[in-house]
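One-letter residues, chain by chain:
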Amino acid sequence: MRLSQLLKSFSDRDSQIILAHLLGLKSSELYLAQDRELEEETVKGFYRLMEERRKGVPAAYLIGEWECLGRVFKLREGILVPRPETEILIEKVLKLLPEKGEVSGYEIGLGSGCISVNLLAERENLKMWACDVNPDAVELSLENAELHGVRDRLMALVGRDFEPVKGKKFSFVVSNPPYIPEAAWRNLPPEVKMEAKEALIGGERGYEFYERIAPQLSEYITDRGFAAFEIGHDQAQIVKELLGRESFKVNIYKDYSGQDRVAIAWKY
Ligand SMILES: C[S@@+](CC[C@H](N)C(=O)[O-])C[C@H]1O[C@@H](n2cnc3c(N)ncnc32)[C@H](O)[C@@H]1O
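Residues numbered from 1 in each chain as written. Predicted model: local features only at pLDDT ≥ 70, side-chain atom pairs only at ≥ 80, totals over all residues.

Quick question: what am I supposed to make of the overall build of the protein chain here?
In terms of helices and strands, the protein chain carries eleven helices and eleven strands. A globule of 268 residues ought to have a C-alpha radius of gyration of about 18 Å, and the protein chain, at 20 Å, matches this closely. Based on the C-alpha atoms only, the size of the protein chain along its principal axes is roughly 65 × 45 × 35 Å. Scored against the burial criterion, the 268 residues of the protein chain give a buried share of 35%. Long-range contacts, defined as pairs at least 24 residues apart, comprise 67% of the intrachain contacts of the protein chain with a sequence gap of at least 6. (Helix = DSSP H or I, 4+ residues; strand = E, 2+ residues; numbered from the N terminus. Rg over C-alpha atoms; globule rule 2.2 N^0.38 Å. Buried ≥ 20, exposed ≤ 12 C-beta atoms within 10 Å, placed from the backbone. Contact = placed C-beta atoms within 7 Å.)

What is the right way to read the site of the ligand from this model?
Taken together, the neighbourhood of the ligand is formed by 22 residues, with Gly109, Gly111, Asn134, Asn176 and Ala199 sitting nearest. For the shell around the ligand, the elements supplying multiple residues, two or more each, are α6 (114–122), β4 (126–132) and α9 (197–200). Its residues placed into classes, the shell around the ligand shows twelve nonpolar, six polar and four charged. (Near = placed C-beta within 6 Å. Nonpolar A, V, L, I, M, F, W, Y, C, P; charged D, E, K, R; others polar.)

Where do I start with the domain arrangement of the protein chain in this structure?
Domain parsing of the protein chain yields domain 1 (3–55) and domain 2 (77–267). When each unit is reduced to the centre of its C-alpha atoms, the spacing between domain 1 and domain 2 is 34 Å. (Domains from an automatic or database assignment.)

Looking at this model, I keep getting lost on the nonpolar core. Mind explaining?
When a protein is soluble and globular, its nonpolar side chains tend to lie buried together. Among the nonpolar cores identified, the biggest contains 67 residues, and Ala130, Phe172, Val173, Tyr210, Ala227, Ala228 and Val239 are the most heavily contacted of them. Residue contributions to this core peak at six residues, all from helix α10 (residues 208–220). A domain-level breakdown of this core finds at least three residues from each of domain 1 (3–55) and domain 2 (77–267). Setting aside residues up to four positions removed in sequence, Phe172 forms contacts with Val93, Gly105, Ile221, Gly225, Phe226, Ala227 and Ala228. (Core = buried A, V, L, I, M, F, W, Y, C linked by C-beta atoms within 7 Å.)

Got a minute to help me understand the pairing of strand β5 (residues 154–158) in this structure?
Each regular strand carries side chains that alternate between the two faces of the sheet. Note: β4 against β5, five bridges, orientation parallel. Each bridged residue has a counterpart across the sheet, and for Met128 the counterpart in β5 is Leu154. (Pairing = 2+ DSSP bridges.)

How should I be thinking about the environment of Leu119 in this particular structure?
Mapped onto the elements, Leu119 comes out in helix α6. On the neighbour-count criterion, Leu119 (25 C-beta atoms within 10 Å) is buried. Discounting chain neighbours no more than four positions away, the residues touching Leu119 are Ile90, Val93, Leu94, Gly105, Leu126 and Met128.

Looking at this structure, how should I read the pairing of strand β1 (residues 65–68)?
Of the two faces of β1, only one is covered, namely that formed by Trp66 and Cys68; the face formed by Glu65 and Glu67 stays uncovered. Note that β1 and strand β2 (residues 71–74) share four bridges and pair antiparallel. Across the sheet, Glu67 pairs through a bridge with Val72, a residue of β2.

What exactly am I supposed to notice about the sheet that holds β4 here?
Sheet strands pair by backbone hydrogen bonding; their relative direction is either parallel or antiparallel. Spatially, β5-β4-β3-β6-β9-β11-β10 is the arrangement adopted by the seven strands of the open sheet, whose pairing is mixed. The open sheet has two edge strands with one neighbour each: β5 and β10 (248–254). In this sheet, neighbouring strand axes are inclined to one another by 15 degrees on average, regardless of whether the strands run parallel or antiparallel. Relative to strand β11 (residues 260–267), β10 runs antiparallel, the two sharing seven bridges. Bridge pairing in β11 links Asn251 to Ile264. Contacting β4 and β5, helix α7 (residues 135–147) crosses the sheet at an angle of about 165 degrees to β5. Helix α11 (residues 236–244) contacts β9 (221–230), β10 and β11 of the sheet and is inclined by roughly 160 degrees relative to β10. (Axes fitted to C-alpha atoms, helices over the stretch in contact; angles between N-to-C directions.)

Help me understand helix α2 (residues 13–23), please; the structure alone is not making it clear to me.
Owing to its 3.6 residues per turn, the α-helix aligns residues three or four sequence positions apart on the same side. The set of residues buried in α2 consists of Ile17, Ile18 and Leu19. Those residues of α2 hidden inside the fold are in contact with α1 (3–9), α3 (40–54) and α4 (59–63). Within two residues after α2, Gly24 carries a phi angle of roughly 70 degrees, on the positive side.

Got a minute to help me understand the environment of Leu120 in this structure?
With respect to the secondary-structure elements, Leu120 resides in helix α6. Under the C-beta neighbour-count criterion, Leu120 is labelled buried, with 23 such atoms within 10 Å. Taking C-alpha positions, Leu120 is 12 Å from Tyr106, a pair spaced 14 residues apart along the chain.

Below you can see the structure in the form of structure tokens.
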């Protein structure tokens, strides 16, 4: 069978990502290769994966990797698939990081490591400490750090909130925490539910993470340092209030669809 025949019936993004992965190509290269004759095994493998996809398994878990800010990250079931919104958080932090001088950061909730690893890959002068309550996430982040050549500058630890770094101070703290309210869980699509609940659900109201972190934040950030958080589209007001109470000056930034998505809080 020719690639062009498959592309006619499977034109959606996930199918193309899976197909490209099987052929060792980038999705953008598929159309240039459309005259290629496919081996029977490849076609069978593709249909097998598409059947799993139809049952609700995310494409990232089927191919075992996903892209974030142009870098490929290994992915496994139970670890959050990097979202485009998180690229905005990473880009905002990068704009604030100097390219010279020692800089240290702390990430709460590593997941695949997409935030810390992208930051480390873009800033040679940066060292990151980071944690996740999920030991699989810590292990996977270290694999991804190795893959991108930044393993020696990532101190990844199993732990909650600031527990693993008591007494330390950082130039900045970053997190894409779980921020969805408990009640929304049952309405999430089955494929999203395959990403661990502890990665998504922030508590009954959703914003419990910021509530818990805000009063501790100042203790872990150097003067004129900052914190950067991904937030739910309806959480700007409460996050501003929680951080404002601790004397942080907060700016909110929007995502590609115009929703509030990133909070940057400055310590003065
Ligand atoms: C929304 S995911 C973000 C993962 C990754 N940073 C990303 O942006 O794709 C949140 C991650 O935080 C972890 N987590 C949840 N609560 C935590 C806590 N209190 N302390 C540390 N990690 C936590 C979860 O296991 C999950 O991996």
